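A closer look at the structure
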Amino acid sequence: MASDSNGKKTKSGIGFRYAWNGLRWTFLEERNFRIHTIAAIIALATGVIFRIDPAEWAAVLLSIGFVIVTEMINTVVELMMDHLSPEQSKAAGLIKDIAAGAVLIAAITAICVGMVVFVPEIISVL
Ligand SMILES: Nc1ncnc2c1ncn2[C@@H]1O[C@H](COP(=O)(O)OP(=O)(O)OP(=O)(O)O)[C@@H](O)[C@H]1O
């Protein structure tokens, strides 16, 4: 936490900088995060092109957030386990596998939402 001129701890405005730093690091270092970000941009662009309705936007935006957040939590789990348990261990491996499983569930959910929202739109223009 930063300090003000009196040496007191200050919080205002700082949290966003730390959060941005975390997002930036994850984007630059994690290939899967970049892939999910590109998929999110494609989904957003497709939503604009097909003028999906507000309920569909809500589903698409929640799916994007769900995938991005689980991917970031998975990254945190990997970093934490590498820091706390750098040696091979059954527990560390299982913890990472479970975190990876959470990302998989989120990604499958997002794919299902994408199919429900976009496939009828695509079929309608064929
Ligand atoms: N310390 C460990 N002990 C035992 N198994 C581990 C350990 N670290 C990683 N593993 C196994 O290797 C898998 C991949 O872990 P790793 O930390 O390399 O993730 P990653 O390949 O970088 O994942 P991502 O592609 O999502 O970034 C884990 O899911 C786990 O099965």
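As a convention, each chain's residues are numbered from 1 in the sequence order in which they are written. Confidence filtering applies because this is a predicted model: local features only for residues at pLDDT of at least 70, side-chain atom pairs given and counted only at 80 or more, and all residues used for totals across whole chains, interfaces and linings. Computation of side-chain values: all heavy atoms of the structure, hydrogens and water removed.

For the chain, an unreviewed UniProt entry supplies the name Diacylglycerol kinase and the organism Terribacillus saccharophilus. Looking at the Sequence similarities (unreviewed entry) heading of the UniProt record, one finds this comment for the chain: "Belongs to the bacterial diacylglycerol kinase family." UniProt positions are given in the numbering used here, feature names are shortened, and annotations may be inferred rather than shown by experiment. In UniProt, the chain has this text filed under Subcellular location (unreviewed entry): "Cell membrane".

Examining the site of the ligand
The rule for a residue being near a molecule or strand is that one of its heavy atoms must lie within 4 Å of it. Around the ligand, the structure places Glu30, Asn32, Asn74, Glu78, Ser85, Glu87, Gln88, Ser89, Ala92, Gly93, Lys96 and Asp97. Between an oxygen atom of the ligand and a side-chain N or O atom of Glu78, the distance comes to 2.9 Å. Taking Glu87, its main chain carries an N or O atom lying 3.2 Å from a nitrogen atom of the ligand. Each accessible area is a Shrake-Rupley result for a 1.4 Å probe, and residues are judged covered by the shown protein chains and nothing else. Here the ligand loses 59% of its free accessible area of 630 Å² to cover by the protein chains. Starting at the N terminus, helices and strands are each numbered in turn, a helix being any DSSP run of H or I of at least four residues and a strand any DSSP run of E of at least two. Elements supplying a minimum of two residues to the shell around the ligand: helix H3 (54-84) and helix H4 (90-125). The leading source of residues in the shell around the ligand is H4, at 4 residues. Three residue categories are used. Nonpolar comprises Ala, Val, Leu, Ile, Met, Phe, Trp, Tyr, Cys and Pro, charged comprises Asp, Glu, Lys and Arg, and polar comprises the others, including Gly. For the shell around the ligand, the class distribution of residues is 1 nonpolar, 6 polar and 5 charged. Any pair of N or O atoms that falls within 3.5 Å is considered a polar contact. Within protein, one atom must be able to donate a hydrogen and the other to accept it, and sequence-neighbouring residues count only if both atoms are side-chain atoms.

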